[in-house]
Amino acid sequence: MDIPASTLDRGEIETTVREAIGATLGKSTFLHAKVDGWIAKVMETCLKRLAQSAKQYKYVVTCQIMQNAGTGACVTSTNSWDPRTDDFMTVDWQNDHILCIVSVYWVGV
Amino acid sequence: MTFEDEFGDGEDEVHYENTFITSPEGYGENQRFRCADVKTVIEEVLHDRLDNHEYDPRKASTTSKEICSFVLERVKGLGYKRYKLIVEVTLSEKKGQAVRVGSHCLWNPSTDNYSSAFLETADMFCCCSVFGLYYE
């Protein structure tokens, strides 16, 4: 049986994620009280857009928001899956006060 | 799923196709993703690799890749035959900054699950999450 290759457009996913982050964080400074809401909003926006494509994938979206204190952060991932149908992408975004890293993984069913 | 080794010469690729067995129990006992067992594995790897170590920015990316691969191999060793696994590790130096990590998933909640653990030392912190997605 031919396995269809991953049919999600990486460019479109990156645009979606960047728009979600920009709309949520924009020029904000880091505020403890708002971080949970920001994370939820970014991920919900991304997942909604991915679900609308109605393709046969399971999705995992992770979001990390960190104060921009001049330290670096290493985000690494390893996967055990079918590389013909499954893939991921990571988007990092920062302003003077906030560092945001969003990873989107999609896995064929 | 394929089992091609990322770092060295690959084993022969093995491609699994759908069997349409809708529940992991269809493959035998102990085939469902168990969060507690996976969390134990993650904690052991983090403690082994990071306890009594100082943060070195030149080696941080290598360290996080090592943690990823150790966790993946140990979780594969738990014997989940039909799960696709995603391991994500975040490693950073502590400078008093606040950090928040979250995840949202669109999956089958009756078969798929995740586990995560967090380790903090004097000068760094590490967060590791493992997501297990059932492949019918």
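Refer to the structure presented above.
Only a predicted model underlies this, so the values are computations on that prediction, with no experimental measurement involved.

**Q** Where do I start with the overall build of chain A in this structure?
**A** Within chain A one finds two helices and four strands. Listed N to C, the secondary structure of chain A is α-α-β-β-β-β in terms of helices and strands. Its C-alpha atoms give chain A principal-axis dimensions of about 50 × 25 × 20 Å. Taken across its 109 residues, chain A has 49% of its residues classed as buried. Sequence separation of at least 24 residues holds for 69% of the intrachain contacts in chain A that already meet a minimum separation of 6. Total accessible area on chain A stands at roughly 5,200 Å², and carbon and sulfur atoms take up 49% of it. Treating the 10 positive side-chain charges of chain A as one cloud and the 12 negative ones as another, the clouds have centres 6 Å apart.

**Q** Would you explain helix H1 (residues 35-50) of chain B in this entry?
**A** Owing to its 3.6 residues per turn, the α-helix aligns residues three or four sequence positions apart on the same side. Residue and element names in this part refer to chain B. Along its 16 residues, H1 runs 22 Å from first to last C-alpha, staying within 8% of the 22 Å computed at 1.5 Å per residue. Restricting attention to buried positions, one finds in H1 the residues Val-38, Val-41, Ile-42, Val-45, Leu-46 and Leu-50. The buried side chains of H1 occupy one side of the element, clustering within an arc of 130° when seen end-on. Seen from the buried face of H1, the exposed residues on the opposite side, beyond 90 degrees, are Ala-36 and Asp-48. As for H1, its buried residues are in contact with helix H2 (60-76), strand E1 (83-93), strand E3 (113-120) and strand E4 (124-134). Asn-52 sits one or two positions beyond H1 and adopts a positive phi of about 60°.

**Q** Looking at this model, I keep getting lost on the sheet that holds strand E4 (residues 98-108) of chain A. Mind explaining?
**A** Whenever strands of a sheet pair, they do so through backbone hydrogen bonds, lying parallel or antiparallel. Read from one edge to the other, the open sheet built from four strands follows the order E3(A)-E4(A)-E1(A)-E2(B), with strand pairing classed as antiparallel. Two strands lie at the open edges of the sheet, namely strand E3 (87-94) of chain A together with strand E2 (99-106) of chain B, each paired on one side alone. Mean inter-strand twist for the sheet, computed between neighbouring axes without regard to direction, equals 10°. Taken together, the 11 bridges between strand E1 (residues 57-67) of chain A and E4(A) define a ladder with antiparallel strand orientation.

**Q** Would you take a moment to explain the packing of aromatic side chains for this structure?
**A** The geometry of two aromatic rings is summed up by the distance between their centres and the angle between their planes. Residues and elements named next belong to chain B. Counted by the stated rule, this structure contains 10 aromatic pairs over all chains. For the ring pair Tyr-114 and Phe-131, a centre distance of 6.0 Å and an interplane angle of 25° mean the geometry is stacked. Residue Tyr-114 is located in strand E3, and its partner Phe-131 is located in strand E4; the two are separated by 17 residues in the primary sequence. The class for Tyr-114 is partly exposed, based on a relative accessible area of 39%. One Lys or Arg, Lys-84, reaches over the ring of Tyr-135 and ends 4.4 Å from the middle of that ring.

**Q** Looking at this structure, how should I read the nonpolar core?
**A** When a protein is soluble and globular, its nonpolar side chains tend to lie buried together. Counting residues in hydrophobic clusters, the biggest one holds 29 residues, and the most contacted among them are Ile21(A), Ile65(A) and Val102(A). Elements with a minimum of two residues in this core: helix H1 (10-25), helix H2 (32-52), E1, E3 and E4 of chain A. Beyond its immediate sequence surroundings of up to four residues, Ile21(A) is in contact with Gly26(A), Val42(A), Val91(A), Trp93(A), Cys100(A) and Val102(A). Ranked by size, the runner-up nonpolar core spans 28 residues in total, among them Leu50(B), Ile67(B), Val75(B) and Cys126(B).

The rules behind the values
- Residues numbered from 1 in each chain as written.
- Chains lettered and ligands numbered in written order.
- Predicted model: local features only at pLDDT ≥ 70, side-chain atom pairs only at ≥ 80, totals over all residues.
- Heavy atoms only, no water.
- Helix = DSSP H or I, 4+ residues; strand = E, 2+ residues; numbered from the N terminus.
- Buried < 20%, exposed > 50% of the residue type's maximum accessible area, 1.4 Å probe, protein only.
- Contact = heavy atoms within 4.5 Å.
- Areas by Shrake-Rupley, 256 points an atom, 1.4 Å probe, with all protein chains shown as cover.
- Lys, Arg positive; Asp, Glu negative; His and termini not counted.
- Charge placed at Lys NZ, Arg CZ, Asp CG, Glu CD.
- Expected span 1.5 Å × (residues − 1).
- Arc of directions from axis to C-beta.
- Pairing = 2+ DSSP bridges.
- Axes fitted to C-alpha atoms, helices over the stretch in contact; angles between N-to-C directions.
- Phe/Tyr/Trp six-rings, centres within 6.5 Å; stacked < 30°, edge-to-face > 60°.
- Lys NZ or Arg CZ within 6 Å of the ring centre and 35° of its normal.
- Core = buried A, V, L, I, M, F, W, Y, C linked by side-chain atoms within 4.5 Å.

Shape is all these values report; function is a separate question.
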